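So the chains spell out like this:
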Amino acid sequence: MPDGWQWDSTLFRGSAAYYERGRLSYAPGFDETLAKALDLDSRGRLLDVGCGPGTVTLALARFFSEAVGIDPDEDMLAEAERQAERRGVTNAHWRAARAEDLPAGLGEFRVVLFAQSFHWTDRDRVAATVLEMLEPGGAFVHMSDLKNPPAEPAPLPHPAPPNAQIRELVQRYLGPARRAGLGTLVNGTPNREDLVLARAGFENFERHVVPAGQVVNRTADDIVAWVFSRSDSAPHLFGDRLGDFERDLRAVLRQASPGGLFAEHLPPTEIMTWRKPYGER
C-alpha cells in the first residue's frame, strides 16, 4: 500500500455521481486492443477489481461469458448497475468487496483486471491471491492513462483546464499533503507493478499503448465534476466548506476561460499484461 497510508471506506465517498461526466474516457479501441492481445472469444470470466462505476467492466463484458466487478463503494456499484441497465449489458454482475477480500468465493477467472486501482491495494498480497484465482495461462491486466505522453502538436480550440491553479485551491482548503480518505499520501502512490508481479510468479509480460490525442471539449461543469470524482478532492473532504470550495473553484475556472469552455487532448491508454504459467493450478 502507499507508504504510511491505511485504506478506509471514505476514499471515494460522494464521487460516484461525478464519474461519468468528469472523467475522460480511455483511448478509443482499448477494448479491441485488449481482446486481440489476449485472444478473447466471448468465453471465460472477467474480474474487474476496483471497478468503480463499471466503465471498463461494461466495455469488456462482450468478450466474456461473464464479467464481475468488485468495489468497496456501494454508490459506485449502484452507478455500475444503472449503466449496465442503460447499455443493455446482461452478463455483468457486481459485488461489494475490497481487493484484499479476494478470493471471496468468486471462483476462477480467465482475466483479472485493475484499471487505475492496483496502487490502492496491498499489492504483494493481492497479486499472490489473483495468481491462484486465474485459470492456467490466464492474464493479470493493469490499465491506466499513459503517464507523461508526448506533447500533442494540434492546437486546442479553448483554454486547457487550469490544473495547477486547481491543485493550489485544493491545497488551500485541504492542506499540502494529498488527501486520500481519512489519511494522506505523503509519498504518493507506488509504481513498479512489474516487480510486484514477478515476485508473485507471473510471466510473459506484454505492453500495449493505445493511441489517442483527440480533442475533447469540456464545460466548467465537466471540470467541477472531474475535481469531485477524484480521491484527493472527494466532496466529503471539504465538510461544511464544500459550497465555499465549489464557489472558489468556479471562480478559478471563469478566470481561466470567461466563456466557460475548455479543451484537452485525450491521453493514450497503457495496457500491461502478465500471464499465469500453464503448469500452475
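Residues numbered from 1 in each chain as written. Predicted model: local features only at pLDDT ≥ 70, side-chain atom pairs only at ≥ 80, totals over all residues. Heavy atoms only, no water.

(A) Up close: the overall build of the protein chain. Across its full length, the protein chain carries 9 helices and 11 strands. Computed over its C-alpha atoms, the radius of gyration of the protein chain comes to 19 Å, within 12% of the 19 Å expected for a compact globule of 281 residues. Reported as C-alpha extents along the three principal axes, the dimensions of the protein chain are approximately 60 × 40 × 35 Å. Relative to its 281 residues, the protein chain shows a buried fraction of 50%. In the protein chain, the share of contacts with a sequence separation of at least 24, taken over all contacts with a separation of at least 6, comes to 83%. Accessible area for the protein chain stands at about 13400 Å²; split by element, carbon and sulfur atoms hold 48% of it. Measuring between centres, the 32 positive side-chain charges of the protein chain sit 2 Å from its 40 negative side-chain charges. (Helix = DSSP H or I, 4+ residues; strand = E, 2+ residues; numbered from the N terminus. Rg over C-alpha atoms; globule rule 2.2 N^0.38 Å. Buried < 20%, exposed > 50% of the residue type's maximum accessible area, 1.4 Å probe, protein only. Contact = heavy atoms within 4.5 Å. Areas by Shrake-Rupley, 256 points an atom, 1.4 Å probe, with all protein chains shown as cover. Lys, Arg positive; Asp, Glu negative; His and termini not counted. Charge placed at Lys NZ, Arg CZ, Asp CG, Glu CD.)

(B) Spotlight on the pattern of salt bridges. For the coordinates displayed, the defined rule picks out 20 salt bridges. For Asp-222, the salt bridge identified is with Arg-21, shortest N-O distance 2.6 Å. A residue pair is termed long-range when its members are at least 10 positions apart, and Asp-222 in helix α8 (residues 220–228) and Arg-21 in helix α1 (residues 16–22) qualify at 201 residues. Look at Arg-21 and you get partly exposed, because its relative accessible area is 45%. (Salt bridge = Lys/Arg side-chain N within 4 Å of Asp/Glu carboxyl O.)

(C) Unusual backbone geometry, seen in detail. Of the consecutive residues Leu-102 and Pro-103, the connecting peptide bond is found in the cis state with omega at 10°. Looking at where Pro-103 falls in the secondary structure, it is placed in the loop between β3 (92–96) and β4 (109–115). You will see that Ala-104, though not glycine, has its phi angle at about 55°, which is positive. Its identity as a non-glycine residue notwithstanding, Arg-192 has a phi of 55°, on the positive side. By the element assignment, Arg-192 lies in the loop between β7 (183–185) and α7 (193–200). Given the relative accessible area of 44%, Arg-192 is considered partly exposed.

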